Amino acid sequence: MTIASAITAKQQQVAAAYTECNNKGATMPQTQNLTNLANCISTITGGGSTVKYKLHDRVKSDSNVDVGMVSGFFLDANNVEYAVVCLNAQYRLASGVYCSDKTATVTNLPAYTNLTLWSATQTATFNTQKILDYASSKSATSTACTHCRNKYFTIGGTRYYGQLPNIQELVDIYRSRLFINNGDPTASSYSSLIVPTNKRTWSSTQYSIANAWTANANGAIGADAKTTQYFVIPVLEIPNAV
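Right, let's walk through the structure included here. Residue numbering note: each chain is counted from 1, following its sequence as written. In view of the model being predicted, local features appear only for residues whose pLDDT reaches at least 70, and side-chain atom pairs are presented and counted only at 80 or more, with totals across whole chains, interfaces and linings using the full set of residues. Side-chain measures were taken over the full set of non-hydrogen atoms in the model, leaving aside hydrogen atoms and water.

1. Structural notes on the overall build of the protein chain
- Helices and strands together make up the secondary structure of the protein chain, namely six helices and eleven strands.
- Compactness check: the protein chain gives a C-alpha radius of gyration of 24 Å against a globular reference of 18 Å for 242 residues, more than 25% above the reference.
- Counting only residues that meet the buried cut, the protein chain has 42% of its 242 residues in that class.
- Sequence-distant contacts in the protein chain: of pairs separated by 6 or more residues, those separated by 24 or more amount to 62%.
- Only the protein chains shown count as cover for residues, and the accessible areas themselves come from Shrake-Rupley with a 1.4 Å probe. For the protein chain, the computed accessible surface area is about 12200 Å², with 52% contributed by carbon and sulfur atoms.
- Under the convention used here, Asp and Glu are negative, Lys and Arg are positive, and both His and the chain ends fall outside the count. We put the charge of a Lys on NZ, of an Arg on CZ, of an Asp on CG and of a Glu on CD. Taken together, the 18 basic and 13 acidic charged side chains of the protein chain have centroids lying 3 Å from each other. Numbering goes from the N terminus for both helices and strands, where a helix is a DSSP run of H or I of at least four residues and a strand is a run of E of at least two. Our radius of gyration is a C-alpha quantity, and the globule rule it is checked against amounts to 2.2 Å times the number of residues to the power 0.38. Burial classes: relative accessible area under 20% of the type maximum marks a residue as buried, over 50% as exposed, and values in between as partly exposed (1.4 Å probe, protein chains only). Only heavy atoms matter for contacts: two residues are in contact if any of them lie within 4.5 Å across the pair.

This is the structure we're talking about:
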């Protein structure tokens, strides 16, 4: 490569960089040379983000109601990422059952008894619906799932319904417990419903015919009888791509 051709190649690269800056809304300098390129890049706002939410973002409805905090993210079988919103204390339930019937596994809902639990791709939305369908077929009830589904909010023009979190989402809630409790504007009015340190909490992930996964008083997980009354924390699952 000659010196002349090398210079031409670099000029083309600089021109391409300025074109990309312009496409991203940068403030374009009058002289578009290498010296001014760094400053031009620094004027790009928004960072080119392709997601709606970050961890611990607070989430408001379209009517400007603070509904909760992003406690984690979940990737389903189709590689769709969901921002999981832990709803504020006022939307929780002190005591509910997974299902009042435990004579069979919930239809079409996987049961996890080992480390495959951590690679499960069923969303809370999927699990909650299967539990409600099963309860209905057995003339039974799921006070945990029914409570969650009765909570709904319109966000970005879409209505999202509360779900009973899967075990991965529930673990994330416990990992972010202090952030969630400290940032919750309803915590002082509903102090008995903050993310607890002294109660077992239901997930929607099935363990066996009779049991489902819970988080216990110190945040560790275990399996408990589906008919037991435990704490309930509804979540929203919002697709996170912009």
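2. Here's the deal with empty space enclosed by the protein
- Of the two site types, the cavity is a set of points on a 1 Å grid over the protein atoms alone where a 1.4 Å probe fits but cannot get out, and the pocket is an open set with protein on both sides within 12 Å along at least five of seven lines, each lined by residues with an atom within 4 Å of a point. Grid points are joined across faces, edges and corners, and a volume is the space filled by probe spheres set on the points. Summed over the entire model, instances satisfying the criterion amount to one cavity of 30 Å³ or more.
- Roughly 70 Å³ of internal volume is contained in the largest cavity.
- Listing elements by their share of the lining of the largest cavity, those giving two or more residues are α5 (167-175) and β7 (201-206).

3. With respect to the environment of Tyr 82
- By the element assignment, Tyr 82 lies in strand β3 (residues 81-87).
- Taking the C-alpha atoms as reference points, Tyr 82 and Asn 166, 84 residues apart in sequence, are found 12 Å from one another.
- Excluding residues that lie within four positions of it along the chain, Tyr 82 makes contacts with Gly 72, Phe 73, Phe 74, Asp 76, Thr 123, Glu 237, Ile 238, Pro 239 and Asn 240.
- Polar contacts involving the side chain of Tyr 82 include one to the side chain of Asp 76, which spans 3.5 Å. The definition of a polar contact used here is a pair of N or O atoms within 3.5 Å, where within protein one atom must be able to donate a hydrogen and the other to accept one, and adjacent residues in sequence count solely through side-chain atom pairs.

4. Structural notes on the pattern of salt bridges
- Salt bridges, as used here, are contacts in which a Lys or Arg side-chain nitrogen is within 4 Å of a carboxyl oxygen on Asp or Glu. The final tally for this structure, using the stated rule, is four salt bridges.
- Across the pair Lys 54 and Asp 57 runs a salt bridge whose closest N-O atoms are separated by 3.9 Å.
- The exposure class of Asp 57 is partly exposed, given its relative accessible area of 21%.

5. Examining α5
- The buried count for α5 comes to seven of nine residues, which makes it a mostly enclosed element.
- Backbone nitrogen of Gln 168 and a side-chain oxygen of the N-cap are separated by 3.1 Å at the start of α5; the cap is Asn 166.

6. A short note on the packing of aromatic side chains
- Between 30 and 60 degrees the pair is tilted, below 30 it is stacked and above 60 it is edge-to-face, where a pair is any two Phe, Tyr or Trp rings, Trp via its six-membered ring, whose centres lie within 6.5 Å. Tallied over the full model, the rule gives five aromatic pairs.
- With centroids separated by 5.1 Å and ring planes inclined at 75°, the aromatic side chains of Tyr 91 and Phe 153 adopt a geometry described as edge-to-face. Residue Tyr 91 is found in the loop between β3 and β4 (93-96), and its partner Phe 153 is found in strand β5 (residues 152-155); the two are separated by 62 residues along the sequence.
- Its relative accessible area of 10% is what places Tyr 91 among the buried residues.
- Judged by centre distance (5.4 Å) and plane angle (45°), the rings of Tyr 152 and Tyr 161 are tilted.
- The partly exposed category is assigned to Tyr 152, whose relative accessible area is 42%.

7. Some words on the state of the cysteines
- Cysteine sulfur atoms are paired as a disulfide whenever they fall within 2.5 Å. Enumeration according to the criterion identifies zero disulfides in this entry.
- Summary of cysteine pairing: Cys 99 is not part of a disulfide, and the nearest cysteine sulfur, belonging to Cys 145, is at 8.3 Å.
- Distance from the sulfur of Cys 145, which forms no disulfide, to the nearest cysteine sulfur (Cys 148) is 6.3 Å.
- Residue classification places Cys 145 among the buried residues on the basis of a relative accessible area of 0%.

8. So, the nonpolar core
- Throughout this description, the term nonpolar core refers to a set of buried Ala, Val, Leu, Ile, Met, Phe, Trp, Tyr and Cys residues connected via side-chain atoms within 4.5 Å. Counting 21 residues, the largest nonpolar core has Leu 170, Ile 173, Ile 180, Val 195 and Ile 233 as its most contacted members.
- Broken down by secondary-structure element, the contributors of at least two residues to this core are β2 (66-75), β3, α5 and β8 (211-215).
- For this core, the leading source of residues is α5, giving four residues.
- Apart from the residues within four sequence positions on either side, Ile 180 is in contact with Met 69, Ser 71, Cys 86, Arg 92, Ile 173 and Val 195.
- Listed in part, the 17 residues of the second largest apolar core include Tyr 98, Leu 109, Ala 144 and Val 232.

9. A look at unusual backbone geometry
- Phi angles above zero are rare outside glycine, and His 56 is one such case at about 75°.
- Within the secondary structure layout, His 56 lies in the loop between α2 (34-42) and β1 (58-60).

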